[in-house]
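Reading the structure
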Amino acid sequence: MGKAIALNQDTFWVGAVDWNARYFHGAVLSTHRGTTYNSYLLRDQKTALIDTVYPPFADDLVQKIKSLIRPEELDYLVINHVEIDHSGSFPVIRELCPRARVVCTQRGYEGLQGYFGGGFEPLIVKTGDTISLGRRTLQFIEAPMLHWPDSMFTYVPEDSLLLPNDAFGQHIATASRFDDEVDMAEVMQEAAKYYANILMPFGSLVSRKLAEINKLGLSIKMIAPSHGIIWRGQPERIVEAYARWAEGLGRPLAVVAYDTMWQSTERMAMALLDGLEAGGVEAKLYKLSSSDRNDVIAAILEARAVLIGSPTINNDILPTVSPLLDDLMGLRPRNKLGMGFGSYGWGGGAQQVIEERLKAAKFEVIEPGITAKWRPTAEDAQRCFERGREVAERIKQ
Ligand code: FEO
């Protein structure tokens, strides 16, 4: 359960830590380190609750609110985003805090009605709208498609505090709430995985939103997202990472992702890896039947080139390789090189299938990829090695 944690003398984290979450969005996203549902209470001449929590944790939220205020006196319930991990306790809070005025975007209102029915008159806000709490102000910034149409950020200028809901979040459960209290290597790994698997399709919108915040001249000293740790010590670190990720600016890294039936495609993958390494770039290799796809996608976020391999089966690729390509077609990573490779027996085709799907995902595809019949020969392995070196050179350019 834990207790409310102060961000400053009038602002408190009143969320919940879910140590045991291992999947999110149904079973679509793995969360090896658990997660948190962050909700924040501002206690001023007027009081405001920013977002709620996933319903199984509603009691955590209620107890923390009760430790700070009389709930029936809550003035505003701000819903930055309607997805259930944040709005799921909306009915509980409405019952507990009947006079709280709901504050949301127009689309947020549509979502709330869709999930919970009507019967309330929200205060619909747009970018630039403000609410005075007394000493503090809530300023709203619409953030459509970051990552839902309803999403918005709340900003408190007096504290230079940004409450951006999902943006800048990470799925990680920690006993401490702030970035200067935890292992930042773990946090950045989870922030990258979160961005890669949730926000990657919206890179151009992320770039524009960061530019808009710059233009608005908002000073940001603390970022309190709706998942994971609160950026207090180094808020610029996550903003800089988002700017880089949004532009698709990976580091000199290649990802080799493949699956294999009788180790022929695997031998090709290993030779490609050796070539990449000999060419002087960092390379990571994932056998897809034994790798977590969300972790592979997180690696791809930072990569400049992605080499995908499958043997041919039924004129197609292995069903263990297909989901990664499906995901990439939806996630549309920016500025990536791609290549297909694979072995075949009686008839080929997998490499072309991979190339077509990489093109559909907007990769710059290196064609033709590499194929080998039956067991790769020493010459085939050498071709793969040389191709790895060539890709390394492309990456370094
Ligand atoms: Fe954390 Fe879009 O929900």
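Residues numbered from 1 in each chain as written. Predicted model: local features only at pLDDT ≥ 70, side-chain atom pairs only at ≥ 80, totals over all residues. Heavy atoms only, no water.

So, about the sheet that holds strand 16 (residues 222-223). Pairing in this open sheet of 5 strands is mixed, and the strands run 12-13-14-15-16 from one edge to the other. In this open sheet, the two strands that pair with only one neighbour each are strand 12 (130-132) and strand 16. Across 3 bridges, strand 14 (residues 152-156) lies against strand 15 (residues 161-163) in antiparallel orientation. Of the residues in strand 15, the one forming a bridge with Thr154 is Leu163. (Pairing = 2+ DSSP bridges. Helix = DSSP H or I, 4+ residues; strand = E, 2+ residues; numbered from the N terminus.)

Next up on the list: the domain arrangement of the chain. Accessible area lost upon the coming together of the parts is a frequently used measure of interface size. Split into domains, the chain comes out as domain 1 (5-245) and domain 2 (254-396). When each unit is reduced to the centre of its C-alpha atoms, the spacing between domain 1 and domain 2 is 38 Å. Roughly 1,200 Å² of surface becomes buried between domain 1 and domain 2 when both sides are summed, with 54% attributable to carbon and sulfur atoms. When the buried surface of domain 1 facing domain 2 is broken down by residue, Asn197, Met200 and Pro201 rank first, second and third, together holding 42% of it. Arg244 serves as the salt-bridge partner of Glu302, at 3.2 Å between the closest nitrogen and oxygen. Applying the counting criterion to the domain 1 and domain 2 interface returns 8 residue pairs in polar contact (both at pLDDT 80 or more). Of all the secondary structure elements, the ones that give two or more residues to the side of domain 1 that touches domain 2 are strand 5 (29-30), helix 5 (184-199), helix 6 (203-216) and helix 7 (235-246). The biggest single contributor to the side of domain 1 that touches domain 2 is helix 5, with 5 residues. (Domains from an automatic or database assignment. Buried area = accessible area lost by both parts, 1.4 Å probe. Salt bridge = Lys/Arg side-chain N within 4 Å of Asp/Glu carboxyl O. Polar contact = N/O pair within 3.5 Å; in protein donor to acceptor, adjacent residues only side chain to side chain.)

One way to put it is that helix 8 (residues 264-278) packs onto helix 12 (residues 378-396) with a least axis distance of 7 Å and a crossing angle of 40°. Our classification of the angle between helix 8 and helix 12 gives oblique. Considering only the axes of helix 8 and helix 12, their crossing is right-handed. Every residue of helix 12 that contacts helix 8 at Met268, Ala271, Leu272, Asp274, Gly275, Leu276 and Ala278 is listed here: Ala381, Cys384, Phe385, Arg387, Gly388, Arg389, Val391, Ala392 and Ile395. (Axes fitted to C-alpha atoms, helices over the stretch in contact; angles between N-to-C directions. Parallel < 35°, antiparallel > 145°, perpendicular 65-115°, else oblique. Left-handed = near helix turned anticlockwise from the far one by under 90°. Contact = heavy atoms within 4.5 Å.)

The next subject is the side chain of His227. If you trace the backbone, His227 turns up in the loop between strand 16 and helix 7. Within the local environment of His227, its side chain forms a polar contact with the side chain of Thr35, the two groups lying 3.5 Å apart. A distance of 3.2 Å separates a polar atom in the side chain of His227 from a polar atom in the side chain of Asp166. Non-local contacts of His227, meaning those with residues more than four positions away in its chain, are made with Phe24, Thr35, Thr36, Tyr37, Asn38, Asp85, His86, Asp166, Gly169, Gln170, His171 and Tyr194.

Moving on, we come to unusual backbone geometry. The peptide bond linking Leu146 to His147 adopts the cis configuration, its omega dihedral lying at 10°. Tracing the sequence through the fold places His147 in the loop between strand 13 (137-142) and strand 14. With omega at -15°, the peptide bond leading from Glu367 into Pro368 counts as cis. Residue placement: Pro368 occurs in the loop between strand 21 (364-365) and strand 22 (370-373). Residues other than glycine seldom take positive phi values, yet Phe168 does so here, at roughly 70°. Topologically, Phe168 is positioned in the loop between strand 15 and helix 5. The class of Phe168 is buried, set by a relative accessible area of 3%. (Buried < 20%, exposed > 50% of the residue type's maximum accessible area, 1.4 Å probe, protein only.)

Strand order in this open sheet of 7 strands is 1-2-7-8-9-10-11, and the pairing throughout is mixed. Both outer strands of the open sheet, strand 1 (5-8) and strand 11 (123-124), are each paired with one neighbouring strand and no more. Taken together, the 3 bridges between strand 9 (residues 76-78) and strand 10 (residues 101-104) define a ladder with parallel strand orientation. Looking at strand 10, one finds that Leu77 is bridged to Val102. Strands strand 10 and strand 11 of the sheet are contacted by helix 4 (residues 106-116), whose axis makes an angle of about 120° with strand 10.

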